[in-house]
Amino acid sequence: MSDLASLPISGKRTFLRCDLNVPIKKGEITDDGRIRASLPTINFLLQGGAGIVIGAHLGRPKGVASAELSLAPIAKRLSELLGRVVTFGPLTGAISAGEVHLLENLRFNNAETSKDAQERKGFAQELAQGVDNYVGDGFGAVHRKHASVFDLPELLPHAPGLLVSAEVEVLRKLTQSPAKPYGVLLGGSKVSDKLAVISNLLDKVDVMAIGGGMVFTFLAALGHEVGKSLLEVEMIDTVKELIAKANNLGVELLLPTDILVADAFAADSPAKVVAADQIPVEKIGLDIGPESAAKFAAAIEGCQTVFWNGPMGVFEFPRFAEGTRVVAQALTKVAGISVVGGGDSAAAVRALGFNNEDFGYISTGGGASLEYLEGKELPGLTALDIK
Ligand code: AMP
């Protein structure tokens with residue numbers, strides 16, 4: 001694997017692709033984890049004598065500029081965290097050693113995400129103007145074949161940033177002879193998003209625990225009523241096949257035995273615990289129940305390697321955050337490798353009051369880490385010569 005230390009940076013102008021895609025509400029950054037995760041590489045480059053042009057994206061503007069998806073608040077936060085001026089907007093003059101410049105949301109230009117390779121290359125050529133080399137550190141975007149992620153590194157001497165190298169090192173531990181027992185805990189809203197990772201990891205793990213909104217498709221596949229809970233009807237047959245595959249492989253597929261149900265999808269809805277196979281027709285399941293959370297926690301604590309992606313319930317509503325809190329707590333006790341995968345899961349554990357240091361490793365990239373674990377080739381890693 002190529003590394004940052006072997007890229008000449010002194011006196012050079014570096015284009016640094018970062019993932020600064022942070023949650024913003026009413027102009028305020030609600031979780032700056034991804035900005036913080038980008039600091040080591042920025043500081044490394046500055047100390048090495050480089051001038052830095054940072055390229056990043058926010059949300060999915062689909063080629064249309066808007067104040068809402070401007071990186072302006074991110075430039076401000078980055079400047080505070082670095083303790084130095086960060087200039088922002090179009091690059092007008094040449095950048096000097098020790099200067100940091102953040103470009104506006106790259107996705108305001110349609111060519112950034114275009115499926116047309118020529119269009120992307122054209123944009124990459126524009127971005128390459130006035131810079132000498134490229135450092136890829138936007139782990140959360142490496143699964144995207146985008147101009148700044150895939151095409152630009154081809155045009156310049158390049159290396160992965162410290163964050164990308166650290167992320168890949170951790171993910172390798174989850175795929176190449178992981179220490180056993182190996183447990184995977186999946187939640188979040190959609191089975192369809194996580195199906196490939198479940199399928200690819202099933203023959204590597206000892207325990208696979210499923211919670212969150214996606215669990216109701218599993219319960220439905222077992223023939224249970226799920227009321228008004230989230231359900232992907234078209235996935236039921238596929239889930240039945242997964243359950244059969246887990247049985248054949250002797251993998252323990254841990255499903256909740258109790259569910260915290262509500263009257264409606266609302267923070268203040270009255271809630272009660274019911275058996276997972278007794279969900280009333282008029283109720284909606286918004287969290288795993290306490291018995292299930294305890295079982296999941298016990299299973300996780302006994303593992304040497306754990307990967308977790310997706311909350312166990314609607315943790316944004318405090319009444320339905322307990323399942324997520326209990327499993328997060330269990331994860332902090334894992335003696336071996338524990339990895340929290342995904343921007344949302346990472347923001348969830350921080351919102352629940354945990355610190356990054358409580359966990360073995362918190363990945364900054366949800367989609368990227370899942371695709372890595374699915375065994376897919378990630379364009380942004382290929383472009384950096386990472387196998
Ligand atoms: P994902 O992006 O797929 O990881 O999903 C994260 C989202 O799943 C969070 O916003 C949770 O509120 C949501 N979620 C978790 N459990 C449930 C549930 N039982 N019903 C509906 N949404 C859920």
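Higher on the page you've got the structure.
Residues numbered from 1 in each chain as written. Predicted model: local features only at pLDDT ≥ 70, side-chain atom pairs only at ≥ 80, totals over all residues. Heavy atoms only, no water.

Student: It is not clear to me how the overall build of the protein should be interpreted in this structure. Could you clarify?
Tutor: Helix and strand counts for the protein stand at 13 helices and 17 strands. Taken against the 2.2 N^0.38 rule, which gives 21 Å for 387 residues, the C-alpha radius of gyration of the protein at 22 Å falls within 12% of a compact globule. Taken along the three principal axes of its C-alpha coordinates, the protein extends 65 × 45 × 40 Å. For the protein, with 387 residues in total, the buried portion stands at 55%. Looking at the protein as shown, the accessible area adds up to about 16100 Å², and 51% of this sits on carbon and sulfur atoms. Separation between the mean location of the 36 positive side-chain charges and that of the 45 negative ones in the protein comes to 2 Å. (Helix = DSSP H or I, 4+ residues; strand = E, 2+ residues; numbered from the N terminus. Rg over C-alpha atoms; globule rule 2.2 N^0.38 Å. Buried < 20%, exposed > 50% of the residue type's maximum accessible area, 1.4 Å probe, protein only. Areas by Shrake-Rupley, 256 points an atom, 1.4 Å probe, with all protein chains shown as cover. Lys, Arg positive; Asp, Glu negative; His and termini not counted. Charge placed at Lys NZ, Arg CZ, Asp CG, Glu CD.)

Student: What exactly am I supposed to notice about the sheet that holds strand S11 (residues 252-254) here?
Tutor: What links the strands of a sheet is backbone hydrogen bonding, and the strands pair in either a parallel or an antiparallel sense. One open sheet holds the six strands; their spatial order is S11-S10-S9-S15-S16-S17, and the pairing between them is parallel. Since the sheet does not close on itself, it has two edges, and those belong to S11 and strand S17 (361-362), each with one partner. The pairing of strand S9 (residues 182-186) with strand S15 (residues 305-309) spans five bridges and is classified as parallel. Along S15, the bridge assignment pairs Tyr-182 with Thr-305. (Pairing = 2+ DSSP bridges.)

Student: Just checking my understanding: could you explain helix H4 (residues 147-155) for this structure?
Tutor: Helical geometry note: an α-helix holds 3.6 residues per turn, so side chains three or four residues apart project in the same direction. Taking burial as the measure, the nine residues of H4 include seven buried ones, the bulk of the element. Where the residues of H4 are buried, they touch strand S1 (13-17), helix H3 (117-128), strand S7 (133-136), strand S8 (158-160) and helix H13 (379-382). (Contact = heavy atoms within 4.5 Å.)

Student: Just checking my understanding: could you explain the sheet that holds strand S6 (residues 100-102) for this structure?
Tutor: The strand order across the open sheet built from six strands is S5-S6-S4-S1-S7-S8, with neighbouring strands paired in parallel fashion. Of all strands in the sheet, those bounded by a partner on one side alone are strand S5 (86-88) and S8. Neighbour-to-neighbour, the strand axes of the sheet open up by a mean angle of 25 degrees, direction not taken into account. One ladder, built from three bridges, connects S7 with S8; its direction is parallel. Following the sheet pairing, Tyr-134 is matched in S8 by His-158. (Axes fitted to C-alpha atoms, helices over the stretch in contact; angles between N-to-C directions.)

Student: Looking at this structure, how should I read the packing of aromatic side chains?
Tutor: Think of a pair of aromatic rings as described by two things: how far the centres are apart, and how the planes are tilted against each other in angle. Under the counting rule described, the total for this entry stands at three aromatic pairs. With centroids separated by 5.9 Å and ring planes inclined at 5 degrees, the aromatic side chains of Phe-15 and Tyr-134 adopt a geometry described as stacked. In this pair, Phe-15 is assigned in strand S1 and Tyr-134 in strand S7, connecting sequence segments 119 residues apart. (Phe/Tyr/Trp six-rings, centres within 6.5 Å; stacked < 30°, edge-to-face > 60°.)

Student: Would you mind going over the site of the ligand with me for this structure?
Tutor: Inspection of the region around the ligand gives 16 residues, with Ser-189, Gly-213, Gly-285, Gly-313 and Glu-316 positioned closest. Taking Ser-189, its main chain carries an N or O atom lying 3.0 Å from an oxygen atom of the ligand. Gly-285 places a polar main-chain atom, nitrogen or oxygen, 3.0 Å from a nitrogen atom of the ligand. Within the complex, the protein chains bury 82% of what would otherwise be the 500 Å² of accessible surface of the ligand. In terms of residue class, the shell around the ligand is built from six nonpolar, six polar and four charged. (Near = heavy atom within 4 Å. Polar contact = N/O pair within 3.5 Å; in protein donor to acceptor, adjacent residues only side chain to side chain. Nonpolar A, V, L, I, M, F, W, Y, C, P; charged D, E, K, R; others polar.)

Student: Whenever I open this one, the environment of Glu-291 confuses me. Can you help?
Tutor: Following the sequence through the fold, Glu-291 ends up in helix H9 (residues 290-301). On the basis of relative accessible area, Glu-291 is assigned to the partly exposed category, the value being 45%. When the C-alpha atoms of Glu-291 and Gly-313 are compared, they prove to be 14 Å apart, with 22 residues separating the residues in sequence. The residues contacting Glu-291, other than those within four sequence positions of it, are Thr-257 and Asp-258. Side-chain polar atoms of Glu-291 contact the side chain of Thr-257, separated by 2.5 Å.

Student: Got a minute to help me understand the environment of Val-281 in this structure?
Tutor: By the secondary structure assignment, Val-281 is in the loop between strand S13 (271-275) and strand S14 (284-288). Along the sequence, Val-281 and Glu-225 sit 56 residues apart, while their C-alpha atoms lie 6.9 Å from each other. Sequence-distant contacts of Val-281, that is, excluding residues within four places in its chain, are made with Glu-225, Gly-227 and Lys-228.

Student: Would you mind showing me how to read the pattern of salt bridges here?
Tutor: Should the charged atoms of two oppositely charged side chains come close, the side chains can pair. For the coordinates displayed, the defined rule picks out 15 salt bridges. Between Asp-206 and Lys-180 there is a salt bridge, with its nearest N and O atoms 3.5 Å apart. Residue Asp-206 is located in the loop between helix H6 (191-201) and strand S10 (207-210), and its partner Lys-180 is located in the loop between helix H5 (162-175) and S9; the two are separated by 26 residues in the primary sequence. A relative accessible area of 29% places Asp-206 in the partly exposed class. Take Lys-180: its relative accessible area is 46%, and that puts it in the partly exposed class. Of the charged contacts in the structure, one is a salt bridge between Glu-322 and Arg-325, with a shortest N-O distance of 3.2 Å. Note that Glu-322 and Arg-325 are positioned in helix H10 (residues 322-332) at a spacing of three residues, about one turn of the helix. (Salt bridge = Lys/Arg side-chain N within 4 Å of Asp/Glu carboxyl O.)

Student: What am I meant to see in the packing of helix H1 (residues 33-47) against helix H2 (residues 72-82) here?
Tutor: In a pair of packed helices, the angle between the axes and the distance between the axes together describe the arrangement. H2 packs onto H1 with a crossing angle of 60 degrees between their chain directions and a minimal axis gap of 11 Å. With respect to H2, the element H1 is oriented oblique. The two elements H1 and H2 cross, and the hand of that crossing is right-handed. Together, Ile-35, Arg-36, Leu-39, Ile-42 and Asn-43 of H1 and Ile-74, Arg-77, Leu-78, Leu-81 and Leu-82 of H2 make up the contact between the two elements. The class makeup of the residues in the contact of H1 with H2 is seven nonpolar, one polar and two charged. (Parallel < 35°, antiparallel > 145°, perpendicular 65-115°, else oblique. Left-handed = near helix turned anticlockwise from the far one by under 90°.)

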